[in-house]
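Listed below are the residues making up each chain.
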Amino acid sequence: MIWSVPPRRALLLVAALLYGCAAAGTPGPVTTAAAEAAEPEGVFGNYLSGRFAQSETDTRAAADRLLAALRRDPNQGELLSRAFAAALLDGRPEALRLARRLPQNQAAALLLVGSESLAGRWDRAEQRIRALPRQGPAQLLQPLLLAWVQQGRGQTDAALATLRPLADTGRLRGIHSLHMALIADLAGRPREAERAIRVALAETPDPSLRLLQIAAAIFARSGREGEAMALVDGLARALGDYALAASSPAQRRALLETRPVSSAVEGISESYLTLAVALRQQGGGDAALILARLSLRLRPDFAPTLLLIAENYAEERHPDTALQVLEAVPSGDALAPVTALRRATLFDRMDRVEEAEAALRGLAADLPEQPQPLVRLGDLLRIRSRFPEAVLAYDAALARIPTPGATDWPLYYARGIAHERSGNWPRAEADFKRALELAPEQPYVLNYLAYTWVEQGRDLPEARRMLERAVALRPNDGNIVDSLGWALFRMGDIPGAIAALERAVELEPRNSVINDHLGDAYWAAGRRQEARFQWRRALGLEPEPAELEKITIKLRDGLPDPPATTAQSRD
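Before going into details, it helps to say that this report is about the structure given with it. Small disclaimer: the values here were computed from a predicted structure and weren't measured.

### What to know about the packing of helix α3 (residues 43-55) against helix α4 (residues 59-72)
Contact geometry of α3 with α4 gives a least axis separation of 8 Å together with a crossing angle of 155 degrees. Compared by their axis directions, α3 and α4 come out roughly antiparallel. The way α3 lies across α4 gives a crossing that is left-handed. Between α3 and α4, the contacting residues are Val43, Asn46, Tyr47, Ser49, Gly50, Arg51, Ala53 and Gln54 on the first element and Ala61, Ala62, Arg65, Leu66, Ala68, Ala69 and Arg72 on the second. The residue inventory of the contact of α3 with α4, partitioned by class, reads 8 nonpolar, 4 polar and 3 charged.

Structure, rendered in structure tokens:
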């Protein structure tokens, strides 16, 4: 994350971009009823199917349909706006032509600013920027765009002066300081760039990969090689999958030697991307995609923008489109390994398992020191119940981590599950205990280990303590609450078990195991009718085959009579 905006502001920005896209022109019927009847696949049919495709984030179908409708009715205002938005979201060249017909549309205005800048028409670009409304995305982008246009004309002092007041006292000091640093770096002023990037870092508690890339490159050019390398080394140890961008000495050198922004046009692209990232973090998916497309038009092979667009499509359940977007990432880019990992994940999501497995094994071979591809391979195999193979993948991943730290607990946890499901409890238990050494307060590990002890009938007091702590950490997790209830049941605390299991069923009403457990607790309390009700309910919630047989027997025969001290008959 480079910077963020408050949720309420983010919603307003989304509205300004999206509703603005439908605001130009005079609303009215798209076509007449007679025309609709005579031409069901004509204007109205294409319009409706295009609107539906937009609601499903199917940008290709939306653009095809709405542009087809517009060709038949080129002067309908709402149709024009929606066709423009669809063309822009899908990266179509028609968007630029349509933008010139939408003088009041913010997204169209921003697209035209980029077009003028690409052509070097800086004066015309400035005129368009100054004409932007003082609301919505344009309000935040205007000073950034103006500064980059000034830099495009070679007016570095003016560009820095435009941003300096906002960087000194503005609410978004981090973003304005970042772009001051980029402008100064592009102009060959390393000391000014260094001062500005330090402010940007200080204003960003959780810096993104992109911000760290920029800061490291600027520090390297200002003679701060030690700090630059420290940032890159930190990048290699953090940020999850993005650490692959600094996984080799060659990649690290490239990060330090590559200027983050090599022209004013790329600076404008960076401005659009910055706001796109912020809006996406606040749930503004369509508006983020619009801004990302604006960025990509100015920098077509920019990997951070391509990754953002692909992630948006993947989240909207269009993995095939996401794969196509990722194909545009250059093979030599620092983010190419991250892209390869994303592609494997998408193959997995599409159930193209052989392709996913091959991609992960290939990436693991290409990056012999990095555990991430093998971790992802282990997850793929474990989820598909290929537990012994998953163990081997996790073993190989752990072999690549010289000194496991607190952030590596999930790997031990995952391997422990694979061991347990493979029937190797001693090694599973060792992995769960190791995960707790690295992360003692991890509720999921506490739950898994303690629940297994309960099932084995061992270490019940310790299991109860662990589960009580897990519930305190995750009070609304029905599975963890169920584990505590089951431990209480096994220890003979039937009233406590019923209270916990009833709460678990409230949290996870369609969980067969939890309903089955509550039935057992009711039976132990002498509440036979309620017990059978819960067992019948569990039976209808698709239990695993072995559990199905057990529940069927309980419905027929019940459970052994509980001790008299715990029976509370309500029949």
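### Things to note about the packing of α4 against helix α5 (residues 77-89)
At their nearest, the axes of α4 and α5 sit 8 Å apart, and the two run at 145 degrees to each other. Between α4 and α5 lies a crossing of left-handed hand. Contacts from Thr59, Ala62, Ala63, Leu66, Leu67, Ala69 and Leu70 of α4 reach α5 at Leu79, Leu80, Arg82, Ala83, Ala86, Ala87 and Leu89.

### Quick notes on the packing of aromatic side chains
Under the defined criterion, the tally for this structure stands at 7 aromatic pairs. With centroids separated by 6.1 Å and ring planes inclined at 55 degrees, the aromatic side chains of tyrosine 413 and phenylalanine 432 adopt a geometry described as tilted. Here tyrosine 413, found in helix α24 (residues 409-421), pairs with phenylalanine 432, found in helix α25 (residues 425-438); they are 19 residues apart in sequence, far enough to count as distant. Here the aromatic cluster, defined as three or more aromatic residues joined through ring pairs, consists of Trp409, Tyr413, Trp425, Phe432 and Tyr448.

### Brief notes about unusual backbone geometry
Residue aspartate 459 is not a glycine yet carries a positive backbone phi of 50 degrees. On the secondary structure map, aspartate 459 appears in the loop between α26 (443-456) and α27 (460-473). The exposure class assigned to aspartate 459 is partly exposed, which follows from its relative accessible area of 36%. Here glutamate 542, not a glycine, exhibits a phi torsion of approximately 55 degrees, which is positive. Of note, glutamate 542 is situated in the loop between α31 (528-539) and α32 (545-557).

### So, the side chain of glutamate 194
Among the secondary structure elements, glutamate 194 is positioned in helix α12 (residues 190-202). Residue glutamate 194 is classed as buried on the basis of its relative accessible area, which comes to 6%. Looking at glutamate 194, its side chain comes within polar contact range of the side chain of serine 222, at 3.4 Å.

Thresholds applied
Residues numbered from 1 in each chain as written. Predicted model: local features only at pLDDT ≥ 70, side-chain atom pairs only at ≥ 80, totals over all residues. Heavy atoms only, no water. Axes fitted to C-alpha atoms, helices over the stretch in contact; angles between N-to-C directions. Helix = DSSP H or I, 4+ residues; strand = E, 2+ residues; numbered from the N terminus. Parallel < 35°, antiparallel > 145°, perpendicular 65-115°, else oblique. Left-handed = near helix turned anticlockwise from the far one by under 90°. Contact = heavy atoms within 4.5 Å. Nonpolar A, V, L, I, M, F, W, Y, C, P; charged D, E, K, R; others polar. Phe/Tyr/Trp six-rings, centres within 6.5 Å; stacked < 30°, edge-to-face > 60°. Buried < 20%, exposed > 50% of the residue type's maximum accessible area, 1.4 Å probe, protein only. Polar contact = N/O pair within 3.5 Å; in protein donor to acceptor, adjacent residues only side chain to side chain.

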